[in-house]
Amino acid sequence: PVAAPADPPADAPGHRRNLAQQQLQRGQLEQALQTIAGVLQDEPEDGFTHGMLAEVLTQGLNLGPEAAAVYRQLADSQPDRPILEAFVAHARRQEHRKDRFLGPESAWFVQTLADLDGALQRAPVEQLYELHLARRSLFSLIRQHDQARFAGLAAHALAPQRLQGRFSAMSDAVAAGDLRTVRTGCLA
């Protein structure tokens, strides 16, 4: 028998991000807020976690426009930190996620995309990943799926990431032709 790969430690930022997503899905907003705060303490520049924070604020406290305004004010006060535009984009996305008339012509979308593109021009390479993910998220919201895929591919090209845990082990086993491990993984 082949042992399943070990799960990441429970306090790893990736594990806590996954936990926060699960808590959001279940509507456990207070717990999600605490988990997100812990992740942001270790990784204050993580745009994905700021996106979840914007979602918690929008869902739980009805702070859609207010959350976006706070992120906008933060970005305006620190123009030397282009990554803040990713936070603004995530908050704006949450603010407008239930709009009935979404499209690329929406004024908020045009402005947010222009701000992101400007940030991409001046950002250091280590911040490009988060900015591309923010672009992907925006295009996904307005159902421009090809543009979303291109932005996602641009992010992936900067930081290729494998699927987590058992999925990666299964992919490796399939590639190696190790049917016993594949069978064990499927049963697990």
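The structure we're discussing is the one just above.
Before going into details, it helps to say that this report is about the structure given with it.

Calculation notes
Residues numbered from 1 in each chain as written. Predicted model: local features only at pLDDT ≥ 70, side-chain atom pairs only at ≥ 80, totals over all residues. Heavy atoms only, no water. Phe/Tyr/Trp six-rings, centres within 6.5 Å; stacked < 30°, edge-to-face > 60°. Buried < 20%, exposed > 50% of the residue type's maximum accessible area, 1.4 Å probe, protein only. Helix = DSSP H or I, 4+ residues; strand = E, 2+ residues; numbered from the N terminus. Core = buried A, V, L, I, M, F, W, Y, C linked by side-chain atoms within 4.5 Å. Contact = heavy atoms within 4.5 Å. Axes fitted to C-alpha atoms, helices over the stretch in contact; angles between N-to-C directions. Parallel < 35°, antiparallel > 145°, perpendicular 65-115°, else oblique. Left-handed = near helix turned anticlockwise from the far one by under 90°. Nonpolar A, V, L, I, M, F, W, Y, C, P; charged D, E, K, R; others polar. 1 Å grid on protein atoms, 1.4 Å probe; cavity = no way out; pocket = protein on both sides within 12 Å on 5 of 7 lines; lining within 4 Å. Points joined across faces, edges and corners; volume = space filled by probe spheres on them. Salt bridge = Lys/Arg side-chain N within 4 Å of Asp/Glu carboxyl O.

1. Some remarks on the packing of aromatic side chains
Counted by the stated rule, this structure contains 2 aromatic pairs. Judged by centre distance (6.0 Å) and plane angle (90 degrees), the ring pair of Trp108 and Phe109 falls under edge-to-face. The two residues Trp108 and Phe109 agree in class, both being buried. An angle of 65 degrees between the planes, with centres 5.7 Å apart, marks the rings of Phe109 and Phe139 as edge-to-face. With Phe109 in helix H6 (residues 107-122) and Phe139 in helix H7 (residues 125-141), the pair connects residues that are 30 residues apart, well separated along the chain. Since its relative accessible area comes to 2%, Phe109 is described here as buried. Members of the aromatic cluster, joined through ring pairs, are Trp108, Phe109 and Phe139.

2. What to know about the nonpolar core
Grouped together as the largest cluster of nonpolar side chains are 37 residues, with contacts concentrated most on Ile36, Tyr71, Phe109 and Leu131. Mapped by element, the contributors of at least two residues to this core are helix H1 (13-26), helix H2 (29-42), helix H3 (47-61), helix H4 (64-77), helix H5 (84-95), H6 and H7. Apart from the residues within four sequence positions on either side, Phe109 is in contact with Gly103, Pro104, Leu138, Phe139 and Ile142.

3. Remarks on the packing of H5 against H7
In the contact formed by H5 and H7, the axes pass within 9 Å of each other and the chain directions differ by 20 degrees. As summarised for this structure, H5 and H7 are arranged roughly parallel, according to the angle between their axes. When the axes of H5 and H7 are compared, the crossing they make is left-handed. Contacts from Glu85, Ala86, Ala89, His90 and Arg93 in H5 reach Glu130, Leu131, Ala134, Ser137, Leu138, Ser140 and Leu141 in H7. For the contact of H5 with H7, a count of residues per class yields 6 nonpolar, 3 polar and 3 charged.

4. Concerning the layout of surface pockets
To locate leftover empty space, one rolls a probe as large as a water molecule over the atoms. Approximately 320 Å³ is the volume found for the second largest pocket. Looking at the second largest pocket, it is lined by 16 residues, and the ones nearest its centre are Phe48, Glu55, Arg93, Gln94 and Ser137. Within the residue set of the lining of the second largest pocket, elements represented by two or more residues are H1, H3, H5 and H7. A breakdown of the residues in the lining of the second largest pocket according to their chemical character gives 4 nonpolar, 8 polar and 4 charged.

5. Observations regarding the pattern of salt bridges
For the coordinates displayed, the defined rule picks out 6 salt bridges. In this structure, the salt-bridge partner of Glu43 is Arg17, at a minimum N-O distance of 2.7 Å. One end of the pair, Glu43, is in the loop between H2 and H3; the other, Arg17, is in helix H1, and 26 residues separate them in sequence. Looking at Glu43, the relative accessible area reads 26%, which means it is partly exposed. We classify Arg17 as buried; its relative accessible area is 17%. The salt bridge partner of Arg72 is Asp76, with a shortest N-O separation of 3.0 Å. One end of the pair is Arg72 and the other is Asp76, both in helix H4 and 4 residues apart, which spans about a single turn. Each of the salt bridges in this network shares a partner with another, and the network as a whole consists of Arg72, Asp76, Glu85 and Asp115.

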